[in-house]
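So the chains spell out like this:
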Amino acid sequence: MTSAFAVAAGDGVTLPAPIGGEVTIKADTRQTNGAMTVLQFAVPPKAGPGLHSHLRDDELWYVLAGEFRFKAGDDMLYASTGGLAFGPRGLPHAFQNVGDEPGRLLVVTTPAGIERFFEQVAELTGPVDAARIAGIGQPNWLDFTGPPIGQSDPL
């Protein structure tokens, strides 16, 4: 049985994000009985992850601050503060902070489990390249298939 819980502003486990900035785990597998993971990202200007697919989870991005674009399949979607975008499992996608200031995203994935990817990436030592990140992604149901959209689709 899952218990009710609250997470105060500024609380959660904060880790360095593979795209730069930080990711804070606000709710994880254990807290939600596997229902969802909730993450808050601080995203540097022009940054974003490589193109990838989630093989088992759907993903929702809610823009807390800034302006973002989301490549989802062949579509380029845009959302700014207060807006959101959705990427279903299996659809290749990526996002980019298109602003000149750091942006913030609240990301919800369902079912839970994606937090393990970020925990494992944070444990890496030495140079972290796309191949190492992809290697951690595979056992966590993530398939990295391309570069960040800042490279594939420059502004």
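Each remark here, short or long, concerns the structure printed above.
Thresholds applied
Residues numbered from 1 in each chain as written. Predicted model: local features only at pLDDT ≥ 70, side-chain atom pairs only at ≥ 80, totals over all residues. Heavy atoms only, no water. Pairing = 2+ DSSP bridges. Helix = DSSP H or I, 4+ residues; strand = E, 2+ residues; numbered from the N terminus. Axes fitted to C-alpha atoms, helices over the stretch in contact; angles between N-to-C directions. Contact = heavy atoms within 4.5 Å. Buried < 20%, exposed > 50% of the residue type's maximum accessible area, 1.4 Å probe, protein only. Arc of directions from axis to C-beta. Salt bridge = Lys/Arg side-chain N within 4 Å of Asp/Glu carboxyl O. Core = buried A, V, L, I, M, F, W, Y, C linked by side-chain atoms within 4.5 Å. Polar contact = N/O pair within 3.5 Å; in protein donor to acceptor, adjacent residues only side chain to side chain. Phe/Tyr/Trp six-rings, centres within 6.5 Å; stacked < 30°, edge-to-face > 60°.

Read across the open sheet, the 6 strands follow the order E1-E2-E3-E10-E5-E8; overall the sheet is antiparallel. Of all strands in the sheet, those with a lone pairing partner are strand E1 (13-16) and strand E8 (84-87), marking the two edges. Direction aside, the axes of adjacent strands within the sheet are offset by 20° on average. The pairing of strand E5 (residues 58-65) with E8 spans 4 bridges and is classified as antiparallel. Within the sheet, the bridge partner assigned to Trp61 lies in E8 and is Ala85. Against the sheet, helix H2 (residues 115-122) touches E1, strand E2 (22-27) and strand E3 (37-43), its axis set at about 55° to E1.

It is worth spelling out helix H3 (residues 130-137) at this point. Residues of H3 that are buried include every one of Ile133, Ala134, Ile136 and Gly137, and no others. Buried residues of H3, viewed axially, fall in a sector of 160°; they line one side. Residues of H3 that are buried sit in contact with H2 and strand E11 (142-148).

Here the idea is simple: oppositely charged side chains can pair when their charged atoms come close. This structure, assessed with the given rule, holds 4 salt bridges. Two residues, Asp28 and Arg30, come together in a salt bridge whose shortest N-O distance is 3.6 Å. Among the residues examined, Arg30 registers a relative accessible area of 73% and is labelled exposed. Across the pair Lys46 and Asp100 runs a salt bridge, and its minimum N-O distance is 3.1 Å. Taken together, the residues Lys46 in the loop between E3 and strand E4 (50-54) and Asp100 in the loop between strand E9 (93-97) and strand E10 (103-110) connect sequence positions 54 residues apart.

Let us look at the nonpolar core. One finds Leu39, Phe41, Phe70, Phe95, Leu105, Phe117 and Phe118 to be the most contacted residues of the largest nonpolar core, which totals 25 residues. Elements with a contribution of two residues or more to this core: E2, E3, E5, strand E6 (67-72), E10, H2 and H3. Not counting chain neighbours up to four residues away, the residues in contact with Phe118 comprise Leu15, Pro18, Val23, Leu39 and Phe41.

Attention shifts here to the side chain of Asn140. When you line up the elements, Asn140 lands in the loop between H3 and E11. Residue classification places Asn140 among the buried positions, given a relative accessible area of 8%. Engagement of the side chain of Asn140 in a polar contact is seen with the backbone oxygen of Ile136, the distance being 2.8 Å. If we skip the residues at most four places from it in the chain, Asn140 touches Ile114, Arg116, Phe117 and Gln120.

Let us now look at the packing of aromatic side chains. This model, assessed by the stated rule, comprises 8 aromatic pairs. Look at Phe41 and Phe95: their rings are 6.3 Å apart centre to centre, the planes differ by 65°, and that puts the pair in the edge-to-face class. Taken together, the residues span a long stretch of sequence, with Phe41 in strand E3 and Phe95 in strand E9 at a distance of 54 residues. Residue Phe41 shares its accessibility class with Phe95, and that shared class is buried.

Along the polypeptide, Thr32 turns up in helix H1 (residues 29-32). Classification of Thr32 as buried rests on a relative accessible area of 9%. In this structure the side chain of Thr32 is engaged in a polar contact, spanning 2.7 Å, whose partner is the backbone oxygen of Met36.

Attention now goes to unusual backbone geometry. Following Thr110, the chain continues to Pro111 via a peptide bond in cis, the omega torsion being 0°. For Asn33, which is not glycine, the phi torsion reads 55° and is therefore positive. Secondary-structure assignment places Asn33 in the loop between H1 and E3. Asn33 sits in the exposed class, given a relative accessible area of 59%. In this model, Lys46 sits at a positive phi of 70°, which is unusual for a non-glycine residue.

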